[in-house]
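Structural features, examined
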Amino acid sequence: VLLSREFQSALAREQLRLVYQPIYHLDTGEMSKVETLLRWTHPEHGDISPGTFIPIAESSGQIVPVGRWVLEQACMQARSWREHYGWAGTITVNVSPIQFAQPRFVEEVRQALLLSGLPAHKLELELTENAVIQSPALVQAALCSLQRMGVQITIDDFGTGYSSLAYLRDLPIGCIKIDRSFIEDLAAPRRAPQYAVALITAIVSIARTLDLQVVAEGIETQAQLEAVRGFGCDFAQGYHFARPLEAAVLTELLDHGQ
Ligand code: G
Ligand code: G
Ligand code: MN
Ligand code: NA
């Protein structure tokens, strides 16, 4: 309750900031995408993890104005990297189901693109399965509007939601991110290692059939990297390559040609 009240003023008090984690194309080695991640530094408690404050922001409704701010900042940052360093990549932004279910959401995306001057196809929204299977008619309309604008849609944490697979066929989704837990199982399996291999192989096969890009997230070791390359994933993200970075650090990477 206390944290909830304090989060209300976190944005105004400039306690929120964005960090950026590179996502690499496995064939070219290029930093094709960058994921935007929100951070909250509390004046007394220090860094509070998104796992704690995102649910708080969702239940208070603060996720709506904060999410809009994230979207605008991320688009402006990407536009700046594009303009000053010729970065041709895509910026990805996590979108809460609460934010996405809002009738004004599509307009807010349009506004962020307009304000920043970022081309729509350089913006990718990360949604969870649970966000897209609720109220399918509205969801479908929103996703189709975004698709017409040229914005790309990714399913985050793929394989962990409670959903069928039909939505992958029926909705304009371009990319899936295999949940970190599957990648973790490659190194330290909760069950027999062949289960992790079988699941990832199946996910990649579904993605190939439906012409979706595949990101493997949570890559922490060279062995995991070799494995997901072997499975045919298109992109990889994780501590093995880079942690989420301050904007200035990523700018330096771009300045030195990645
Ligand atoms: O950055 P970290 O790995 O700790 O993020 C933990 C969780 O918080 C992830 O599920 C991530 O998607 C979510 N998250 C991080 N930044 C944002 C954001 O800007 N908006 C929303 N809705 N979720 C975020
Ligand atoms: O749910 P989502 O994919 O948005 O979560 C992103 C979160 O995953 C970020 O908070 C980021 O800090 C975290 N993350 C990114 N790479 C790794 C990794 O290699 N290992 C672990 N454990 N977490 C990671
Ligand atoms: Mn994500
Ligand atoms: Na994820």
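An account of the accompanying structure is given in this report. Position numbers for residues start from 1 in each chain and track the written sequence from start to end. Numbering of ligands from 1 and lettering of chains from A proceed in the order in which they are written. With the structure being a predicted model, the display of local features is reserved for residues of pLDDT at least 70 and the display and counting of side-chain atom pairs for 80 or more, all residues being used for whole-chain, interface and lining totals.

A word on the overall build of the protein chain. Going along the chain from the N terminus, every DSSP run of H or I of four or more residues is numbered as a helix, and every run of E of two or more is numbered as a strand. From N to C terminus, the protein chain includes 12 helices and 10 strands. Over its C-alpha atoms the protein chain spans a radius of gyration of 18 Å, differing by no more than 12% from the 18 Å that the globule rule assigns to 258 residues. Its C-alpha atoms give the protein chain principal-axis dimensions of about 50 × 45 × 40 Å. Among the 258 residues that make up the protein chain, the fraction classed as buried is 36%. Our radius of gyration is a C-alpha quantity, and the globule rule it is checked against amounts to 2.2 Å times the number of residues to the power 0.38. Whether a residue is buried, exposed or partly exposed follows from its count of other C-beta atoms within 10 Å of its own C-beta, namely 20 or more, 12 or fewer, or something in between, respectively; the C-beta atoms are built from the backbone.

A few words now on the site of ligand 2. As used in this record, a residue near a molecule or strand is one whose C-beta atom, placed from the backbone, is within 6 Å of it. Not every one of the 14 residues close to ligand 2 is listed here, only the nearest: G218, E220, G238, Y239 and P244. Only Asp, Glu, Lys and Arg are considered charged, only Ala, Val, Leu, Ile, Met, Phe, Trp, Tyr, Cys and Pro nonpolar, and every remaining residue, Gly among them, polar. Of the residues contributing to the shell around ligand 2, the split by class is 4 nonpolar, 5 polar and 5 charged.

Before going further, it helps to examine the packing of helix 3 (residues 63-85) against helix 5 (residues 105-116). Axis definition: a line fitted to C-alpha atoms, over the contacting stretch in the case of helices. Angles run 0 to 180 degrees between N-to-C directions. Remark: helix 3 packs on helix 5, axes separated minimally by 9 Å, with the N-to-C direction vectors making an angle of 30 degrees. The two elements helix 3 and helix 5 meet at a crossing, and its hand is right-handed. Here helix 3 contributes R68, L71, E72, C75, M76 and R79 to the contact with helix 5, which in turn contributes E108, V109, A112, L113, L115 and S116. Its residues assigned to classes, the contact of helix 3 with helix 5 shows 7 nonpolar, 1 polar and 4 charged. For any pair of crossing helices, the crossing counts as left-handed if the nearer helix is rotated counterclockwise from the farther one by less than a right angle, and right-handed if it is rotated clockwise. A pair of residues counts as a contact when their C-beta atoms, built from backbone coordinates, are separated by no more than 7 Å.

Next up on the list: the pairing of strand 8 (residues 213-216). Two strands qualify as a pair provided DSSP detects at least 2 bridges between them. As paired elements, strand 7 (residues 175-178) and strand 8 share 4 bridges and run parallel to each other. Counted as the bridge partner of I178 is A216 from strand 8. Across 2 bridges, the pairing between strand 8 and strand 9 (residues 235-236) is parallel. From the neighbouring strand, V215 faces strand 9, where its bridge partner is F235.

It is worth spelling out the site of ligand 1 at this point. What surrounds ligand 1 is the set L37, L38, S49, P50, G51, I54, G67, V70, N94, V95, S96 and P244. At the level of elements, strand 2 (31-42), helix 2 (50-60) and helix 3 are the ones that each hand at least two residues to the shell around ligand 1. With 3 residues, the single largest contributor to the shell around ligand 1 is helix 2. For the shell around ligand 1, the per-class residue count stands at 7 nonpolar, 5 polar and no charged.

Time to look at the environment of F241. Assignment of secondary structure puts F241 in the loop between strand 9 and strand 10 (245-246). For F241, a count of 15 C-beta atoms within 10 Å translates into the label partly exposed. Between the alpha carbons of F241 and R82 there is a distance of 21 Å; along the sequence they are 159 residues apart. Those residues in contact with F241, other than ones at most four positions away along the chain, are P22, Y24, I219 and A236.

We now examine the packing of helix 5 against helix 7 (residues 136-149). Axis angle and axis distance: for two packed helices, these are the angle between their axes and the distance between the axes, and together they describe the pair. Relative to each other, helix 5 and helix 7 sit at 20 degrees, their axes nearing to 10 Å. Taken together, helix 5 and helix 7 sit at an angle that is classed as roughly parallel. Regarding helix 5 and helix 7, the two cross each other, and that crossing is right-handed. On helix 7, the residues that touch F105, V106, V109 and R110 of helix 5 are A142, S145, L146 and M149. When grouped by side-chain class, the residues that make up the contact of helix 5 with helix 7 number 6 nonpolar, 1 polar and 1 charged. Orientation is classified from the angle alone, with under 35 degrees giving roughly parallel, over 145 giving roughly antiparallel, 65 to 115 giving roughly perpendicular, and any other angle giving oblique.

In this fold, Y24 is placed in strand 1 (residues 16-25). Between the C-alpha atom of Y24 and that of Q237, which follows or precedes it by 213 residues, the distance is 6.5 Å.

Turning our eyes to something else, we now look at the nonpolar core. Nonpolar cores are identified as sets of buried Ala, Val, Leu, Ile, Met, Phe, Trp, Tyr and Cys residues joined via C-beta atoms within 7 Å. Of all hydrophobic cores here, the largest spans 62 residues; its most connected members are C75, I178, V214, V215, A216, C233 and A236. In terms of residue count, the dominant contributor to this core is helix 3 (8 residues). In this structure I178 touches F158, G159, I183, I200, I203, V214, V215, A216 and E217, once residues within four positions along its chain are discounted.

Let's shift gears to unusual backbone geometry. Residues other than glycine seldom take positive phi values, yet E14 does so here, at roughly 60 degrees. In this structure, E14 sits in the loop between helix 1 (2-8) and strand 1. For D157, which is not glycine, the phi dihedral falls at a positive 55 degrees. You can see D157 is positioned in strand 6 (residues 152-158).

What follows is about the pairing of strand 6. Here is the key point about a regular strand: its side chains alternate between the two faces of the sheet. Of all 7 residues in strand 6, 5 are buried, a share of seventy percent or more. Strand direction decides the pairing type here: strand 5 (residues 123-128) and strand 6, joined by 5 bridges, are parallel. Looking across to strand 6, one finds that E126 is bridged to T154. Pairing analysis gives 3 bridges linking strand 6 to strand 7, with the strands arranged parallel. Its bridge partner lying in strand 7, F158 is registered against I178.

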